[in-house]
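Breakdown of the fold
One-letter residues, chain by chain:
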Amino acid sequence: MIRIEARPQPSAVMAYATPVLAVVLTMIFGGALFAALGKDPLQAIATIFWEPIFGEFAFFYRPQLLIKGAPLVLIAIGLALGFRAGIWNIGAEGQYIVGAICGAGVGLAFYPTESVLIFPLMVLAGALGGWAWAMIPAVLKVRFGTNEILVSLMLVYVAEQLLASMSLGLLKNPEGFGFPGSRNLQQYPSAHNAEIIAGTGMHWGVVAALIAVIFAYVLLTWHRLGFAIRVTGEAPRAAKFGGVNPGRLVLFCLGTSGLLAGLAGMFEVAGPAGQISIDFNVGYGFTAIIVAFLGRLNPLGIVAAGLLMALTYIGGDIAQSQLGLPAAAIQVFQGMLLFFLLALDLLTNYCVRFGRAEVA
Amino acid sequence: MDLSSINPILLIAAMIAAATPILLAAIGELVVERAGVLNLGVEGMMITGAVCGFIIAVNTGSPTVGFLAAAVGGAVLSLLFAFLTQVALANQVASGLALTLFGLGLSSLMGQSYVGIKPPRAEATPLGPLADIPVIGPIIFGHDLMVYLGLGIVAGTWAVLKFTRMGLILRAVGENHDAAHALGYKVKRIRTLAILFGGACAGLGGAYISLIRVPQWTEGMTAGVGWIALALVVFASWKPWRVLLGAYLFGGITQLQLNLQGAGVAIPVEYLAMSPYIVTIIVLVILSADKSRAPGSLGRTFHASG
């Protein structure tokens, strides 16, 4: 007979052990999946996790780790703040898109003027765009009690249509021979989010991600607001009696996560992606949810989780071209990771005992 | 612009068909939520049902077998959610999101070699001369079996919840799981069964999109219908007949904007395509003032020793 008993205190050991355990289990089950697809599981796992960092072409893939990791960390940090307080922003993908549209829009409005002020203005516009898009569910939640999960998600689909409209209409490259998509910002020096140190993948988005991590860490550890977030998540009623204003918290958490997602989108469109196009968004906003949980909603954990997730993206690309592993297999792999994380969380808050059940 | 190209009778008939996938998914989720569980994985279960149904229907040549497979596929995926939330006591919001992310990946993996294939056609229900009645015929009697099955499930759900002991127990578990447990009901078992029912319904809804509405397989083809279904349950204040009303409303808007796109209205296609999502948000805002109808234990984890 197996019994599950609540622990008086969450286990500190398990809090660190479960993410590692989840990754190991995902590798085992992912390997089984790859084997079922007719690929050598060990080779596939090695290609995904080893090749990008230590393989023959690692010099090419290592910078990618920062390029792919930065938006994931930036978005996940914001989401984690809300998740801790029980405020569920799952529309980061939409805020990411709107941030990119606003950032690119400001940049393109100045084309072809050159000035050092253009890039900071774009950063501001991107942040504001993401913030404003997240304020829609926030204000509706505070004012009308509307479910923020559904509204933020619906707005992802609206943002995707807006993106399509922009790349076919307003922001379309007038010299693009009728192809959809904006001008390439990489060829517009004032608006280009170039690498700060060439060949490292280190662009301004990475800097922003690091600042966000430090900011979130300080906020959660030392600031009163961080305390309010933690209390609200763990005991909403106690937080209310403690004088926490839940409405203001919703506005802050959704606003911050939208702002960071908008920044991520803006840095992406001005740098690695280069242009607004219909398929600009690749799901970072959704993968960031996995990153936030894998990092245990802890800023430092999120950095590690973001890099690991970036690794699966890069390794997945390599496995796709070298082994013919379908792109969707990596998506399943990432989904599995979230499953194992959530299931293993049981071990943090409960202990599993073997033996006969006591008669109550 | 040529609005006269829209035939109102065909439009209403198409609206009913467009509402069916939303209706199926929403009525399943309604039962799950009445049992006190919030499963945000509807989108994932729908798309899994869509791909399972499509693959089986193509391989067997029978849409009926395809629909059965879709129900099984959706239910199997929901079993994962049941395990996470009922056995591993994981957070329901996070688990539901995980289910959606996983289902989207799994479905595109399963469906890769089926892109561009035409599924076997589902026959219209042989209601004989009824379908030939002018106006009413094509609107009410010209549909495939799944439309009527959807209506049947709504009626059945309403009757079971309202009149049977089973429905009473289910509602008790949803309203107050501690009290239900004290009365000796198996809270987790009942919830798991409700989750399975929700999964099967979502699977059917997904397969309706891939086998009848579109009909072909493309990645991510459910495009948020699962999330609209979730919103619909709130809209319906957890009442079966209002789910039907809501589904027809949303199905109607979806179909109407498609017809307007076809008729070449001066509004850009992208803005028309946004409309179902924006309307969902507006309706949610109007209706979210009244939360009194929500099941008391909705979204809360149950653990007997705690």
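The rules behind each value
- Residues numbered from 1 in each chain as written.
- Chains lettered and ligands numbered in written order.
- Predicted model: local features only at pLDDT ≥ 70, side-chain atom pairs only at ≥ 80, totals over all residues.
- Helix = DSSP H or I, 4+ residues; strand = E, 2+ residues; numbered from the N terminus.
- Rg over C-alpha atoms; globule rule 2.2 N^0.38 Å.
- Buried ≥ 20, exposed ≤ 12 C-beta atoms within 10 Å, placed from the backbone.
- Contact = placed C-beta atoms within 7 Å.
- Nonpolar A, V, L, I, M, F, W, Y, C, P; charged D, E, K, R; others polar.
- Expected span 1.5 Å × (residues − 1).
- Pairing = 2+ DSSP bridges.
- Axes fitted to C-alpha atoms, helices over the stretch in contact; angles between N-to-C directions.
- Parallel < 35°, antiparallel > 145°, perpendicular 65-115°, else oblique.
- Left-handed = near helix turned anticlockwise from the far one by under 90°.

1. Examining the overall build of chain A
If you tally the helices and strands in chain A, you get 15 helices and two strands. Scaling as 2.2 N^0.38, a compact globule of 360 residues should have a C-alpha radius of gyration of about 21 Å, and chain A matches this with 22 Å. Counting only C-alpha atoms and orienting by the principal axes, one finds that chain A spans roughly 80 × 55 × 35 Å. Taking all 360 residues of chain A together, 54% fall into the buried category. Pairs at least 24 apart in sequence give 79% of the contacts found in chain A among residues at least 6 apart.

2. Some details on the interface of chain B and chain A
Each partner contributes residues to the interface: chain B has 41 residues there, and chain A has 37 residues. Secondary-structure elements contributing two or more residues to the side of chain B that touches chain A are helix H3 (63-87), helix H4 (92-110), helix H10 (225-235) and helix H12 (269-287) of chain B. In terms of residue count, the dominant contributor to the side of chain B that touches chain A is H4(B) (twelve residues). Looking at the side of chain B that touches chain A residue by residue, the classes come out as 29 nonpolar, ten polar and two charged.

3. What about helix H5 (residues 92-109) of chain A?
In a regular helix each residue adds 1.5 Å, so 18 residues correspond to 26 Å; H5(A) covers 25 Å between its end C-alpha atoms and thus fits that length. In terms of burial, H5(A) is a largely internal element, 16 of the 18 residues being buried.

4. Quick notes on the environment of Leu72(A)
Residue and element names in this part refer to chain A. Tracing the backbone through its elements, the reader meets leucine 72 in helix H4 (residues 58-84). By C-beta crowding, leucine 72 is classed as buried, having 28 other C-beta atoms within 10 Å. Sequence separation of leucine 72 and isoleucine 302 is 230 residues, and the distance between their C-alpha atoms is 8.9 Å. Apart from residues lying up to four places away in sequence, leucine 72 is in contact with Tyr284, Thr287, Ala288, Val291, Gly306, Met309 and Ala310.

5. Things to note about the pairing of strand S1 (residues 2-6) of chain A
All names here are of chain A. Of all five residues that make up S1, zero are buried, and the element is exposed over most of its length. Direction of pairing for S1 relative to strand S2 (residues 350-354): antiparallel, over a ladder of five bridges. When the bridges of S2 are listed, alanine 6 appears paired with tyrosine 350.

6. Here we look at the packing of helix H2 (residues 41-49) of chain A against helix H13 (residues 299-323) of chain A
All names here are of chain A. At a closest axis distance of 7 Å, the pairing of H2 and H13 adopts a crossing angle of 130°. One element, H2, and the other, H13, form an angle in the oblique class. As for the relative orientation of H2 and H13, their crossing is right-handed in sense. Facing H2, whose interface residues are Gln43, Ala44, Thr47, Ile48 and Phe49, H13 presents Leu311, Thr312, Gly315, Gly316, Ile318, Ala319, Gln322 and Leu323.

7. A few points about the environment of Ala172(B)
All names here are of chain B. Topologically, alanine 172 is positioned in helix H7 (residues 165-175). For alanine 172, a count of 21 C-beta atoms within 10 Å translates into the label buried. Along the backbone, alanine 172 and alanine 69 are 103 residues apart, and their C-alpha atoms lie at a distance of 31 Å.

8. Some words on the packing of helix H1 (residues 8-34) of chain B against H10(B)
Residue and element names in this part refer to chain B. The contact between H1 and H10 brings their axes to 8 Å, and the two run at 55°. Relative to H10, the element H1 is oriented oblique. Considering only the axes of H1 and H10, their crossing is right-handed. Only Val225, Gly226, Ile228, Ala229, Leu230, Leu232 and Val233 of H10 make contact with H1, whose side of the interface consists of Pro21, Ile22, Ala25, Ala26, Glu29, Leu30 and Glu33.

9. With respect to the environment of Ala22(A)
All names here are of chain A. Note that alanine 22 resides in helix H1 (residues 12-36). Separated by 129 residues in the primary sequence, alanine 22 and valine 151 place their C-alpha atoms 31 Å from one another. When near neighbours in sequence (up to four residues on either side) are disregarded, alanine 22 contacts Leu337, Phe340, Leu341 and Leu344.

10. Here we look at unusual backbone geometry
In the segment running from Tyr111(A) into Pro112(A), the intervening peptide bond is cis, with an omega of 0°. A positive phi angle is found at Arg296(A), which is not glycine, with a value near 55°. Tracing the chain through its elements places Arg296(A) in the loop between helix H12 (284-294) and H13. We note that Leu89(B) has phi near 55°; this positive angle belongs to a residue other than glycine.

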